[in-house]
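Overview (structure and organization)
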Amino acid sequence: MSNLQALLFDVDGTLADTEKDGHRVAFNRAFSEAGLDWRWSVDTYAELLSVTGGKERIRYYLDHYLPAFEPPGKADEWIAGLHAAKTRHYTGMLSQGLIPLRPGVRRLLREAREAGLRLAIATTTTPANVTALLEHSLAPGSSDWFEVIAAGDVVPAKKPAPDIYHYALARMGLKPEQCLAFEDSRNGILSATGAGLKTVITVNDYTRNDDFHEAVVVLSHLGEPDQPFEVLAGDTGDASHVDIPLLERLHRD
Ligand code: XBP
Ligand code: MG
């Protein structure tokens, strides 16, 4: 019998494919609005995604791509203002329903709740972005489905540090061995496994070639009965999509 008590979900790349056509576009709109001629291409953003956190990503871009650029005033305050504008653009895109959930996410969350499993979020993005995604892409009021929404600056060190998962586990009063984590990236699996959690990976275009050797399973997505997942690593038996019995087996084995 599995003692699986809770599912902890990453957000960006896991609940929804948010980076290429969401966050990246919002960054570029904020740069343009600020009168900056910066534009993060799909390829440049692939490199910048190695840095988690939007403010940290802007700082990395300045240090590595524009070392001669002098932010007006205090650099951290200016970056924070630029990032707040980006968040406004991003939440605006979400409020228009422009970023759908990935396959299987809505179904698995419903099945988990029906099975009495506890739910939490552990993400690097800002709380406002999480709430906007859940409210507009999942269901109005669905933020309440998650006991803990551990997001952004609530911890001193972002992924790949394990802090955000430690924070969520502490708030839930759970041990890592009672849970499963869902992630999409190398930074994410390092964070989750660093906190002792068995981790299910669903890849996306940016992370398909990342190293996920720590994962219990690596999938193309969570799947639907009529949209089977592709198994990139691990043993899913004869399952065609992720459901509670499969998670309990993966957690137990
Ligand atoms: C992904 C991140 C975030 C987003 C941008 O978070 O690293 O920084 O790219 O969002 P996760 P912000 O995969 O942990 O959900 O600009 O709000 O940071
Ligand atoms: Mg992610």
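Look a little higher up for the structure.
Below: a short report on this structure. (Residues numbered from 1 in each chain as written. Chains lettered and ligands numbered in written order. Predicted model: local features only at pLDDT ≥ 70, side-chain atom pairs only at ≥ 80, totals over all residues. Heavy atoms only, no water.)

**A closer look at the side chain of Ser-142**
- Along the chain, Ser-142 falls in the loop between α6 (127–138) and β3 (148–151).
- Given the relative accessible area of 0%, Ser-142 is considered buried.
- In this structure the side chain of Ser-142 is engaged in a polar contact, spanning 2.9 Å, whose partner is the backbone oxygen of Leu-134.
- Sequence-distant contacts of Ser-142, that is, excluding residues within four places in its chain, are made with Leu-134 and Glu-135. (Helix = DSSP H or I, 4+ residues; strand = E, 2+ residues; numbered from the N terminus. Buried < 20%, exposed > 50% of the residue type's maximum accessible area, 1.4 Å probe, protein only. Polar contact = N/O pair within 3.5 Å; in protein donor to acceptor, adjacent residues only side chain to side chain. Contact = heavy atoms within 4.5 Å.)

**Quick look at the nonpolar core**
- Judged by nonpolar contacts, the single largest core of 39 residues is most densely connected at Leu-7, Phe-9, Leu-15, Leu-108, Phe-182, Val-242 and Leu-247.
- Element by element, the count of residues in this core is highest for α6, at five residues.
- Each of two domains, domain 1 (6–17 + 99–252) and domain 2 (19–95), supplies a minimum of three residues to this core.
- The contacts of Leu-108, once residues within four sequence positions are left out, are Phe-9, Phe-182, Leu-222, Val-242, Asp-243, Ile-244 and Leu-247. (Core = buried A, V, L, I, M, F, W, Y, C linked by side-chain atoms within 4.5 Å. Domains from an automatic or database assignment.)

**Some thoughts on the coordination of the magnesium ion (ligand 2)**
- Protein ligation of the magnesium ion (ligand 2) involves Asp-10 (OD), Asp-12 (O) and Asp-184 (OD), the donor distances falling in the range 2.1 to 2.3 Å.
- Of note, the donors binding the magnesium ion (ligand 2) are all from one chain and are spaced D-x1-D-x171-D.
- Residue class for Asp-10 comes out buried when judged on its relative accessible area of 4%. (Donors = N, O, S within 2.8 Å, 3.2 Å for Na, K, Ca; no water.)

**Some thoughts on the environment of Leu-82**
- With respect to the element layout, Leu-82 can be found in helix α4 (residues 75–95).
- For Leu-82, a relative accessible area of 5% puts it in the buried group.
- Considering only alpha carbons, one finds Leu-82 and Glu-33, 49 residues apart in sequence, at a separation of 9.3 Å.
- Once residues lying within four places of it in the same chain are set aside, the contact partners of Leu-82 are Ala-30, Phe-31, Ala-34, Leu-36, Trp-38 and Ile-58.

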